[in-house]
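# Remarks on the overall topology
Read off the chains here:
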Amino acid sequence: MSDEPLNQSPAIPDARHSTLQNIVRGCRLGLPIFLGYAPVGAAFGVLARSLGFTWWQAAICSATAIAGAGQFIALSLLTSGANVVSTLIATSVVNLRYVLFSTTLAPQLPNVRIPTLTWLGFTLTDETFAVNIADIRQKTATPASMSGVGIIAWCGWVLGTVVGALAANSIGDPTRFGVDFAMPAMFSALFVALAEDRRHIVVGVVAAALALGIPLLSRVGMPVSSNWVVVIASIAAATLATVVSSDE
Amino acid sequence: MSSVPAPVIWGVIAGMATINFALRFTPLALLSRFELPRPVLRWLSFIPISVMGSLVASEVLRPGGTWQAPLTNAGLYASFITMLVFRFTRSFLGATLAGMLSFVALRALIG
């Protein structure tokens, strides 16, 4: 079986058989993403319907954007009467972190064919990124397994949206099942998965502290839009870590 | 509820699809084709943990953009429980479910 890890064999000449196996492996790896996305997607579906989206408009929106927070922000702006341009600017700002993820993944994917790269880019989210990066660090990721993670995540998000949009009236309040904590729970688990050593933990905690501290700047007359907090905190913490650890 | 006009809905759908794809794909396409300098690579290696740290902190302690005090914050305890479960099981699924369950239970207990 040529289930070769990315780091050792960037140009993976997989036989059809093992590619399929790797895709299936990726789907399994991404199962928690599916479980996390489906209910949140459903919540998006319900909300979109209440704003005048048809169920299939909600589905197309989820299928083409696959942007959790970005989509919710779009809805809340539309509710407040924002126009197309300002809605798009706001969601783009929230989604700027994808540039960071994409840049981080890029060096791990030399010689990956453009169609695969396109799919990996299309399905790049906080969760697929974190699961794939953790898998890459375990040296078990392949382009096919990463595509599998993307497939299962996309399915969860789109299926959830469709179910939510179609059953908008009968679902009621999904938060009573703890659905609103699915994403924070997943991020918590991913935090541990990505904390390889003490240095990483310190960097992560510094980023967390910055994320909590930056909003306080508004008290000294420097308001920072909450859309930027994660991006700024991450860049600052990573930069600090690079400078401090540069001699090792 | 007020309905958003169809042209606006379509504009937002098309715009989000295009912009999101550009943001996600462009760096992947351009930067996977040549070697990045070592300091940049080191910087990038710290990005994932930083993003997770700031996401967890924001979502748990400032849900919806408002500060929620730690002592009565069901999400904070549930987040630690999730981390512990993952630490010992290495299962994303198990940890996520344990986190959601403990969140519901704790929320019922401490509001």
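Residues numbered from 1 in each chain as written. Chains lettered and ligands numbered in written order. Predicted model: local features only at pLDDT ≥ 70, side-chain atom pairs only at ≥ 80, totals over all residues.

### Remarks on the overall build of chain B
The condition is simple: Each helix corresponds to a stretch of at least 4 residues labelled H or I by DSSP, and each strand to a stretch of at least 2 residues labelled E; elements are numbered beginning at the N terminus. Here the radius of gyration uses the C-alpha set of atoms, whereas the globule reference equals 2.2 Å times the residue count to the power 0.38. Every C-beta atom is placed from the backbone, and the number of other C-beta atoms within 10 Å of a residue's own sets its class: buried at 20 or more, exposed at 12 or fewer, partly exposed in between. A residue pair is marked as a contact if its C-beta atoms, positioned from the backbone, fall within 7 Å.
Of the regular secondary structure elements, chain B holds 4 helices and 0 strands. In sequence order, the secondary structure elements of chain B are arranged as α-α-α-α. Computed over the C-alpha atoms, the radius of gyration of chain B is 20 Å, more than 25% above the 13 Å expected from 2.2 N^0.38 for a compact globule of 111 residues. Along the longest, intermediate and shortest principal axes, the C-alpha atoms of chain B span 50 × 50 × 25 Å. Counting over 111 residues, chain B shows a buried share of 45%. For chain B, the share of sequence-separated contacts (at least 6 apart) that also reach a separation of at least 24 residues comes to 30%.

### Some remarks on the overall build of chain A
The helix and strand inventory of chain A stands at 13 helices and 0 strands. The buried share among the 248 residues of chain A stands at 53%. By sequence separation, contacts in chain A at least 24 residues apart represent 76% of the contacts at least 6 residues apart.

### Section: the interface of chain A and chain B
Stated precisely, the cut-off is as follows: Polar here means any residue other than Ala, Val, Leu, Ile, Met, Phe, Trp, Tyr, Cys and Pro, which are nonpolar, and Asp, Glu, Lys and Arg, which are charged; Gly is therefore polar.
Each side of the interface is counted separately: chain A has 82 residues, and chain B has 62 residues. Per-element tally for the side of chain A that touches chain B: the top contributor is helix α11 (residues 182–194) of chain A, with 13 residues. Residues that form the side of chain A that touches chain B fall into these classes: 57 nonpolar, 23 polar and 2 charged.

### Section: helix α9 (residues 143–166) of chain A
The line we're drawing: Multiply 1.5 Å by the residue count of a helix minus one, and that product is the helix's expected span.
Compared with an ideal rise of 1.5 Å per residue, which puts 24 residues at 34 Å, α9(A) spans 34 Å between its outermost C-alpha atoms and is within 8% of the ideal. The buried fraction of α9(A) is high, at 18 of 24 residues.

### Details of helix α6 (residues 97–105) of chain A
α6(A) sits mainly inside the fold: 8 of its 9 residues count as buried. Among all positions in α6(A), only R97(A), Y98(A), L100(A), F101(A), S102(A), T103(A), T104(A) and L105(A) are buried.

### Thoughts on the packing of helix α8 (residues 126–137) of chain A against α11(A)
Residues and elements named next belong to chain A. Put simply, the test is: To obtain an axis, a line is fitted to C-alpha atoms, over the contacting stretch when the element is a helix, and the angle between two such axes runs from 0 to 180 degrees between their N-to-C directions. Just so you know how the angles are binned, under 35 degrees is roughly parallel, over 145 roughly antiparallel, 65 to 115 roughly perpendicular, and the rest oblique. In a left-handed crossing the near helix is turned counterclockwise from the far helix by less than a right angle, and in a right-handed crossing that turn is clockwise.
Their axes nearest at 10 Å, the elements α8 and α11 cross at an angle of 25°. Between α8 and α11, the angle is such that the two are roughly parallel. The interaxial crossing formed by α8 with α11 has left-handed handedness. Contacts from E127, A130, I133 and A134 in α8 reach M186, L190, A193 and L194 in α11. Considering only residue class, the contact of α8 with α11 consists of 7 nonpolar, no polar and 1 charged.

### Re unusual backbone geometry
Glycine aside, the phi torsion of most residues is negative, and most peptide linkages are trans. The backbone of K139(A) shows a phi angle near 60°, a positive value even though the residue is not glycine. Within the chain, R90(B) stands out as a residue other than glycine whose phi angle is a positive 60°. Here R90(B) falls in the exposed class, since 12 other C-beta atoms lie within 10 Å of it.

### Side note on the confidence of the model for chain A
Caution applies to low-pLDDT regions: their predicted coordinates should not be interpreted in detail. Inclusion rule: Predictor confidence is given residue by residue as pLDDT, running from a minimum of 0 to a maximum of 100.
Mean pLDDT over chain A: 85, with 90% of residues reaching 70 or higher. Overall, residues 7–15 of chain A carries pLDDT values under 50, and its contacts beyond four positions in sequence, including any with other chains, amount to 14 contacts.

### A word on the environment of R97(A)
Within the fold, R97(A) resides in helix α6. With 23 residues separating them along the chain, R97(A) and A74(A) place their C-alpha atoms 16 Å apart. Sequence-distant contacts of R97(A), defined by excluding residues within four places in its chain, comprise V230(A), V231(A) and V51(B).

### Description of the packing of helix α2 (residues 31–50) of chain A against helix α4 (residues 92–110) of chain B
Look at α2(A) against α4(B): their axes get within 8 Å of each other, and the N-to-C directions meet at 30°. In terms of orientation, α2(A) lies roughly parallel with respect to α4(B). Relative to α4(B), α2(A) is oriented so that their crossing is right-handed. Facing α2(A), whose interface residues are L31(A), P32(A), L35(A) and G36(A), α4(B) presents F92(B), L93(B) and T96(B).

### What to know about the confidence of the model for chain B
All names here are of chain B. Averaged over every residue, the pLDDT of chain B is 89; the share at 70 or more is 97%. Ranking the elements of chain B by mean pLDDT puts helix α2 (residues 38–61) last with 87 and helix α3 (residues 74–89) first with 95. Model confidence for the complex is summarised by a pTM of 0.75, with the ipTM given as 0.83.

### As for the environment of T123(A)
Residues and elements named next belong to chain A. Mapped onto the elements of the fold, T123 is located in the loop between α7 (114–122) and α8. Distance in space between the C-alpha atoms of T123 and I151 is 7.6 Å, their sequence separation being 28 residues. With near-sequence residues (within four places) excluded, T123 lies in contact with I66, T128, G150, A153 and W154.

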